[in-house]
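# Commentary on secondary and tertiary structure
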Amino acid sequence: MRLESTVFLVAFCSFTAYYIYEPIPEEIEERWKLMLTNSFFRSLSHLADFSELLGLKDYMGVMYFITLLEKIAPVSDEHVMVSEQKFDGVEVVLYEPRHSGDDASLRRSVIYLHGGGWCLGSSRMSPYDLLARKLVTELDAVVLSVEYRLAPPYHFPVPYEDVYRVVKHFLQKGVLDQYHVDPGRIVVSGDSAGGNLAAAVSQQLRNEPGQEIQLKAQALIYPVLQALDLKTPSYQQNQDMPILPRTLMVRFWSEYFTSDKTFFKAMLANSHNSPESLSLLKFVNWTTYLPETYHRKYNYSAPTVVQKAETDQSLSLADPRASPLLVPDMALRSLPKAYVVTCEYDVLRDDGIMYVTRLRAAGVEVMHEHYDTGFHGAMMFTVWPTDFQIGQHLTENYVKWLKENV
Ligand SMILES: *[C@@H]1O[C@H](CO)[C@@H](O)[C@H](O)[C@H]1NC(C)=O
Ligand SMILES: *[C@@H]1O[C@H](CO)[C@@H](O)[C@H](O)[C@H]1NC(C)=O
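My aim in this report is to walk through the structure given alongside it, one point at a time. (Residues numbered from 1 in each chain as written. Chains lettered and ligands numbered in written order. Predicted model: local features only at pLDDT ≥ 70, side-chain atom pairs only at ≥ 80, totals over all residues. Heavy atoms only, no water.)

## A look at the packing of helix α5 (residues 126-139) against helix α16 (residues 389-405)
Relative to each other, α5 and α16 sit at 40°, their axes nearing to 11 Å. The orientation of α5 with respect to α16, classified from their angle, is oblique. Crossing handedness for the pair α5 and α16: right-handed. From α5, Leu131, Lys134, Leu135, Glu138 and Leu139 reach across to α16, where they touch Thr395, Glu396, Tyr398, Val399, Leu402 and Lys403. (Axes fitted to C-alpha atoms, helices over the stretch in contact; angles between N-to-C directions. Helix = DSSP H or I, 4+ residues; strand = E, 2+ residues; numbered from the N terminus. Parallel < 35°, antiparallel > 145°, perpendicular 65-115°, else oblique. Left-handed = near helix turned anticlockwise from the far one by under 90°. Contact = heavy atoms within 4.5 Å.)

## Considerations on the nonpolar core
Among the nonpolar cores identified, the biggest contains 137 residues, and Ile111, Phe170, Met249, Trp253, Phe375 and Tyr398 are the most heavily contacted of them. If sequence neighbours within four positions are ignored, Tyr398 has contacts with Val110, Tyr112, Leu131, Leu135, Ser189, Ala219, Ile221, Tyr339 and Met379. (Core = buried A, V, L, I, M, F, W, Y, C linked by side-chain atoms within 4.5 Å. Buried < 20%, exposed > 50% of the residue type's maximum accessible area, 1.4 Å probe, protein only.)

## Side note on the site of ligand 1
In the vicinity of ligand 1, the contacting residues are Lys282, Asn285, Thr287 and Tyr300. In the model, an oxygen atom of ligand 1 is placed 3.0 Å from a nitrogen or oxygen of the Thr287 side chain. Protein burial of ligand 1: of its 360 Å² of free accessible surface, 44% is covered by the chains. Residue classes in the shell around ligand 1 are distributed as one nonpolar, two polar and one charged. (Near = heavy atom within 4 Å. Polar contact = N/O pair within 3.5 Å; in protein donor to acceptor, adjacent residues only side chain to side chain. Areas by Shrake-Rupley, 256 points an atom, 1.4 Å probe, with all protein chains shown as cover. Nonpolar A, V, L, I, M, F, W, Y, C, P; charged D, E, K, R; others polar.)

## Structural notes on the packing of aromatic side chains
Applying the stated rule across the entire model yields 21 aromatic pairs. Consider the rings of Phe257 and Phe263, whose centres lie 6.3 Å apart with planes at 80°: the pair is edge-to-face. The same class applies to Phe257 as to Phe263, namely buried. With a centroid separation of 5.1 Å and 25° between ring planes, the pair formed by Tyr339 and Trp401 is classed as stacked. Placement of the pair is Tyr339 in strand β7 (residues 337-345) and Trp401 in helix α16, with a sequence separation of 62 residues. On the basis of relative accessible area, Tyr339 is assigned to the buried category, the value being 0%. (Phe/Tyr/Trp six-rings, centres within 6.5 Å; stacked < 30°, edge-to-face > 60°.)

## Re helix α2 (residues 31-53)
The end-to-end C-alpha separation of α2 is 32 Å, in line with the 33 Å expected for 23 residues at 1.5 Å each. Buried residues of α2: Arg31, Leu34, Met35, Thr37, Asn38, Ser39, Phe41, Leu44, Ser45, Ala48 and Ser51, and no others. Just past α2, the residue Gly55 takes up positive phi, approximately 75°. (Expected span 1.5 Å × (residues − 1).)

## Brief notes about the environment of Leu225
On the secondary structure map, Leu225 appears in the loop between β6 (217-221) and α9 (233-237). Not counting residues within four places of it along the chain, the set of residues in contact with Leu225 comprises Asn196, Ala199, Ser323, Pro324, Leu325, Asp351, Gly352 and Tyr355.

## Topic: the environment of Val158
Of note, Val158 is situated in helix α6 (residues 158-170). For Val158, a relative accessible area of 21% translates into the label partly exposed.

## Re the pairing of β6
Of all five residues in β6, five are buried, a share of seventy percent or more. With burial as the criterion, each face of β6 is covered, one bearing Ala217, Ala219 and Ile221 and the other bearing Gln218 and Leu220. Examined bridge by bridge, strand β5 (residues 181-191) and β6 share five bridges and lie parallel to one another. Within β6, the position partnered with Asp191 by the bridge is Ile221. Note on the crossover from β5 through helix α8 (residues 193-207) to β6: the handedness is right-handed. Here β6 runs beside β7; their pairing, made up of five bridges, is parallel. What sits directly across from Leu220, in β7, is Val340. (Pairing = 2+ DSSP bridges. Right-handed = clockwise from strand over helix to strand, strands pointing away.)

What follows is the structure, given as C-alpha cells:
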C-alpha cells in the first residue's frame, strides 16, 4: 500500500513538474510565476482543443473563460466617473476625471482598444479598468475604452469597423465639447490586437474625406501588424514562449478572417498567401526592415505563394485595415507621431520593429521602447495574482510618454 502511494505520489509530482516546467529564458524576471501563469493558459488551451474536438464548444468559446475570469462592472469612484454608453451603436466605457482642476480647461483624451487577438478580451477586464483609471488620474484625460464586437462570431472587418465608427463619432466638435476634450490632444492606443486596430484606424482616418479633427498620436503596445509572413525571426525564436505561442497567434489570425480550419492549417505552414499578396510581400521582408541584430540565426525565405488559395480569405489578408504594415510609404508619411513597444520574447516583436523602421523612413516621429526581458502581454499583468514587476515598468513608461507627447 505504502509503496503504491509513494509511486503514485512520485508519478503525480513528476507529471505536474513536467507540465508546469517550461524552458523559459533566464533573462525573464519572476520566471516561476510566469511558468505557473502560463500552465493555466496551456491547460485551458488543451481543454479548448478537446472541447472543440468533442463538438461541445468551439476553441475560442472556451478560451473566453480568461476574459470572464477578470471581468468586472466598472464603477465610479472618488476620482473617476465611469459610464457605459453607445457611440454610433457601439458599446464604450467612458472614464472621466471627477475633479478637473479648472473646469474651463480642456482635457486630453485616450481612445483605448483592448487586446485579445480580436477574439478575447474586454474593456471591462480588471487590468484594462485599472489602466483606464490611471490614465484619467495621471493625465487628467477622458478615456474611451471601446467594447468592439469579437470574432469568431464577428469576423473581419466587424471589429475594425466598430472601432472606426466610435472614433469617427467621438472626433466631432460637438461630442468633444460635451466631454471637455481638446481636439488637438487625442491619442489612439491599444495592446496586441488593440495595437493593430489603433494602427489601422490612424491610417484610415487620414484618408477620410472631410475629417477635420485628427489624432495627435498613436501608442502601439506590442502590436500585431501583418498576416503575410508568420515565420519572421521572432515568430521562429518565440514559437513556444508563454502567453502567446505561435499556434495561438496563428489561430487568432485565422479566426479573425474565418472559422475554416483549412485556412488555419495553411497559415501554420506559412503557405496561406495567394498571388494577390505577391506584390505586398516586399513590405514584410524582414531582411530589409529589421536591423541586423534582430535577424539572429535565421535565414530569410519568402512565404510560399500558392496558386490556388485554400480559401478566398486571401483578399482580407492583404487589406491594410487588417495588416497596417502593407501600405506603401506614401500612406505612412502623414501619420501622427508614434510610440511603439516591443518585447524580446514575443512572436510579434518583428512586426513592431518593422513598422518602426518604415515609419521612421517615411519621416514620422517614433519613440520605440524595446524590452529585453519582456514577454507578450506583459503590460496587462498588473493585477494580483498575476501581477509582474515588468507590467508596472511598462505602464510607467507608457504613461510618461503620453504625458510628454499628448
Ligand atoms: C527580400 O529581400 C531580399 C534581400 O534584400 C531579397 O533577396 C528578396 O528577393 C526579397 N524578397 C521579397 C519577397 O521581397
Ligand atoms: C543559414 O544559412 C547559412 C549559410 O547558408 C547556414 O550555414 C546556416 O546553417 C543557415 N541557418 C539556419 C538556421 O538554417
